[in-house]
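# Breakdown of the fold
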Protein chains: 2
Amino acid sequence: MAETPRTARGRATRERIITAAAALIREQGVAETSLDDVIRRAGASKSQLYLYFNDRAALLREVVAQNADLVLGVQEPHLSSLDSWKAIRAWLDSLINLQADGGARGGCPIGSLVGQLAETDEQARELLADGFARWEEPLRRGLYSMQKRGKLDPNADPDRLATATLAAIQGGLVLTQTRRDPGQLAIALDAAYAYLRSHRSPR
Amino acid sequence: MAETPRTARGRATRERIITAAAALIREQGVAETSLDDVIRRAGASKSQLYLYFNDRAALLREVVAQNADLVLGVQEPHLSSLDSWKAIRAWLDSLINLQADGGARGGCPIGSLVGQLAETDEQARELLADGFARWEEPLRRGLYSMQKRGKLDPNADPDRLATATLAAIQGGLVLTQTRRDPGQLAIALDAAYAYLRSHRSPR
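What you see is a predicted model; the values in this text were computed from it and never measured.

### What to know about the overall build of chain A
Looking only at helices and strands, chain A features 9 helices and 0 strands. Of the regular secondary structure in chain A, the N- to C-terminal order runs α-α-α-α-α-α-α-α-α. Each of the three principal axes of chain A carries a C-alpha extent, and together these read 65 × 35 × 30 Å. Nonlocal contacts in chain A, meaning residues at least 24 apart in sequence, comprise 66% of its contacts between residues at least 6 apart.

Set out below in structure tokens:
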């Protein structure tokens, strides 16, 4: 059984292994990333790896969780206050800028793992779903708040709108990564924003 | 150097190997699929594998190409005539039904390979991009035709509309696979269709 590290040093080693695995997987995918690569990159030993992780699958799940934290963290402070049209537009623009800055490489750190893990590891799939839920929630909350304040049509469904927007983000990132063109995400998010705006309050 | 099979029997063996690899990858991803698994499933030998494919990467590229053919083939006859609102809606509904029939498993056979191959194999990335281009083109063409016949706003941009729709499909499939819920694709495509329809001709 893998141990939870009891010392600060142990925790740092465990974290370093996850970070190394996450970086390698972002660069080259799960298939090309061996545990030997991971310990080399982390400057750790195989015994340390197996001290903290039962197996490769357990490590991959930690990568999913870390990637989700990374994706959500990088979207702050936007995610904290998606309760105006201006804030939503600025958030979407920040996502496009991130892709432009990163050369349209790598795709979404959560989404790009779905095809690699969802069919083989049910726990990993649930962690990926959890990442998406945490991503969708701030927009959902913001839209409900806007509806309460008369900025969003009372007949609009914030749950569905938030899901449709997250789908546009994910699809835009798939096309951006494939075509190496952040303009693909821009097109997807312009459409998503226009669709959201079509639900603005008629008042 | 890999050979192009000269006999019908050789071609059938080569095709069987690609089909076996594609099926395994759909079920369990690139990382979990070994060449030994592939030849076992295909009922082929290692020497046949290396006769027709230089290496694992070459086989994976053929899987991309075959998956693209599969995805496009299954959308016929819809893709041949996306030149009315009714035809577009029926096409989108057929995509949702496919996911419902398949238990919301597997995601998009093209899109789910992007995260697995785009960063490590430039040729595979180009084949994935080619698959998306072939997918987008029929809608683009249909929208141009609708514009010509006064069904689509003359100020609308069919290229951007087709890309936004493909992004919604891809993102909807990512969420469908992750959440095991075809309703996710339905939400994404209802939004995509409403966005398209917002560009219908004002006449």
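### Some remarks on the environment of Arg-197 of chain B
With respect to the element layout, Arg-197 of chain B can be found in helix H9 (residues 183-197). Along the sequence, Arg-197 of chain B and Lys-151 of chain B sit 46 residues apart, while their C-alpha atoms lie 9.9 Å from each other.

### Some points on helix H2 (residues 35-42) of chain A
One turn of an α-helix holds 3.6 residues; hence residues three or four places apart share an orientation. Residue and element names in this part refer to chain A. Every buried residue belonging to H2 is among Val-38, Ile-39 and Ala-42, and all of these are buried. Along the axis of H2, the buried residues cluster in a sector spanning 90 degrees; they form a single face. With respect to the buried face of H2, the exposed residues turned more than 90 degrees away are Asp-36 and Arg-40. Those residues of H2 that are buried lie in contact with helix H1 (8-28) and helix H3 (46-52). Gly-43 sits one or two residues past H2 and shows a positive phi near 60 degrees.

### Focus: the relation of the copies chain A and chain B
For the pair chain A and chain B, the superposition axis carries a translation of 0.0 Å, the fit reaches an RMSD of 0.0 Å, and the rotation angle comes to 180 degrees. Taken together, the rotation angle and the small translation identify this as a two-fold axis. The share of interface residues of chain A whose copies in chain B are also at the interface is 100%, consistent with both copies meeting through the same surface.

### Describing the packing of helix H8 (residues 158-179) of chain A against H9 of chain B
With their axes 9 Å apart at the nearest point, H8 of chain A and H9 of chain B run at an angle of 85 degrees to one another. Judged by the angle between their axes, H8 of chain A and H9 of chain B are roughly perpendicular. Between H8 of chain A, through Arg-160, Thr-163, Ala-164 and Ala-167 of chain A, and H9 of chain B, the contact on the second element is made entirely by Gln-184, Ile-187, Ala-188 and Ala-191 of chain B. Within the contact of H8 of chain A with H9 of chain B, the residues separate by chemical class into 5 nonpolar, 2 polar and 1 charged.

### What about unusual backbone geometry?
Residue and element names in this part refer to chain A. Here the bond from Glu-76 into Pro-77 is cis, since omega is 5 degrees, no more than 30 degrees from zero. By the element assignment, Pro-77 lies in the loop between helix H4 (56-74) and helix H5 (85-101). Despite not being glycine, Arg-180 shows a phi value in the positive range, around 50 degrees. The residue Arg-180 is located in the loop between H8 and helix H9 (183-197) in this model. Judged by local crowding, Arg-180 falls into the partly exposed class, with 16 C-beta atoms found within 10 Å.

### Here we look at the interface of chain A and chain B
Each side of the interface is counted separately: chain A has 45 residues, and chain B has 45 residues. Among the elements of the structure, H1, helix H6 (111-117), helix H7 (122-148), H8 and H9 of chain A are those that each provide at least two residues to the side of chain A that touches chain B. With 15 residues, the top contributor of residues to the side of chain A that touches chain B is H8 of chain A. A per-class count over the side of chain A that touches chain B returns 21 nonpolar, 17 polar and 7 charged.

### Notes on the packing of helix H5 (residues 85-101) of chain B against H9 of chain B
Residue and element names in this part refer to chain B. Close contact between H5 and H9 brings their axes to 10 Å; oriented N to C, the two are set at 170 degrees. As the angle between them shows, H5 and H9 are arranged roughly antiparallel. Only Leu-185, Ala-186, Leu-189, Tyr-193, Leu-196 and Arg-197 of H9 make contact with H5, whose side of the interface consists of Trp-85, Ile-88, Arg-89, Leu-92, Leu-95, Ile-96 and Gln-99.

About the thresholds
Residues numbered from 1 in each chain as written. Chains lettered and ligands numbered in written order. Predicted model: local features only at pLDDT ≥ 70, side-chain atom pairs only at ≥ 80, totals over all residues. Helix = DSSP H or I, 4+ residues; strand = E, 2+ residues; numbered from the N terminus. Contact = placed C-beta atoms within 7 Å. Buried ≥ 20, exposed ≤ 12 C-beta atoms within 10 Å, placed from the backbone. Arc of directions from axis to C-beta. Least-squares fit on C-alpha atoms with pLDDT ≥ 70 in both. Axes fitted to C-alpha atoms, helices over the stretch in contact; angles between N-to-C directions. Parallel < 35°, antiparallel > 145°, perpendicular 65-115°, else oblique. Nonpolar A, V, L, I, M, F, W, Y, C, P; charged D, E, K, R; others polar.

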